[in-house]
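Results of the structural survey
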Amino acid sequence: MKNQWHVIVILILVLVVAIFAVVNVNEVPLSLLFTTVHWPLVLVILLSLVAGALITFLVSMGTMLAQKKQQKMEMDVATKKIDALRDENAALKRRVNNVSNEGAQKNRKLEKL
């Protein structure tokens, strides 16, 4: 349902931009570093919109990749901790078994006496 609202909002924004662009069809001067060109305002608006969307996409991708990298590092640390705890658990189990075996041997010796 949340994704549907995003699609609806995006469609409304696209419609507003399209109407705004169609209403503004006059040519406007556009200064580009060393030259000036005359383009329809609709083209300037649409190019600005596309450039803004592209910049937003690139920034969000960079952020997302950084988050994934950090999650992977955290996962590696957690995996190492889990492995260490498993090793410690196995050592403790062996120790308990050794103590139990020693206790059983002592009980047998006591029974023999």
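Residues numbered from 1 in each chain as written. Predicted model: local features only at pLDDT ≥ 70, side-chain atom pairs only at ≥ 80, totals over all residues. Heavy atoms only, no water.

**Concerning the overall build of the protein**
- Secondary structure assignment for the protein yields two helices and two strands.
- Along the chain direction, N to C, the helices and strands of the protein fall in the order α-β-β-α.
- Structurally, the protein occupies a C-alpha span of about 110 × 40 × 5 Å along its principal axes.
- Counting across all 113 residues of the protein, residues that qualify as buried make up 4%.
- Taking all contacts inside the protein whose residues are at least 6 apart in sequence as the whole, residues at least 24 apart take part in 17%. (Helix = DSSP H or I, 4+ residues; strand = E, 2+ residues; numbered from the N terminus. Buried < 20%, exposed > 50% of the residue type's maximum accessible area, 1.4 Å probe, protein only. Contact = heavy atoms within 4.5 Å.)

**Describing the pairing of strand β2 (residues 35–40)**
- Strand direction decides the pairing type here: strand β1 (residues 27–32) and β2, joined by six bridges, are antiparallel. Pairing of Pro29 across the sheet is with His38, part of β2.
- Counting the residues in the hairpin turn of β1 and β2 gives two residues, including Leu33, whose phi is positive at 40°. (Pairing = 2+ DSSP bridges.)

**Examining a positive patch on the surface**
- A cluster of basic side chains, namely Lys106, Arg108, Lys109 and Lys112, defines a positive patch on the protein surface.
- Residue position: Lys112 is located in helix α2 (residues 41–112).
- For Lys112, a relative accessible area of 73% puts it in the exposed group. (Patch = residues over 30% accessible without salt bridge, like charges linked within 9 Å, V, L, I, M, F, W, Y side chains within 5 Å. Areas by Shrake-Rupley, 256 points an atom, 1.4 Å probe, with all protein chains shown as cover. Salt bridge = Lys/Arg side-chain N within 4 Å of Asp/Glu carboxyl O. Lys, Arg positive; Asp, Glu negative; His and termini not counted. Charge placed at Lys NZ, Arg CZ, Asp CG, Glu CD.)

**Some words on the pattern of salt bridges**
- This model, assessed by the stated rule, comprises one salt bridge.
- When the shortest N-O distance is used, the salt bridge between Asp76 and Lys72 registers 3.6 Å. Linking Asp76 with Lys72, this pair stays in helix α2, spanning four residues, or about one helical turn.
- The class of Lys72 is exposed, set by a relative accessible area of 54%.

**Overview of the environment of Leu41**
- Examined against the element boundaries, Leu41 turns out to sit in helix α2.
- Assessed through its relative accessible area of 24%, Leu41 is described here as partly exposed.
- Residues Leu41 and Lys109 lie 68 residues apart in sequence; the distance between their C-alpha atoms is 101 Å.

**Remarks on a nonpolar patch on the surface**
- There is a patch of nonpolar side chains on the surface, built from Trp5, Ile8, Ile12 and Val16 and spanning about 400 Å² of accessible area.
- By secondary structure assignment, the location of Ile8 is in helix α1 (residues 2–23).
- Look at Ile8 and you get partly exposed, because its relative accessible area is 40%.

**What about the confidence of the model for the protein?**
- Summarising the model, the protein shows a mean pLDDT of 87, and 97% of its residues fall at 70 or more.
- When pLDDT is averaged over each element of the protein, β2 comes out on top at 90 and α1 at the bottom at 84. (pLDDT = per-residue confidence, 0-100.)

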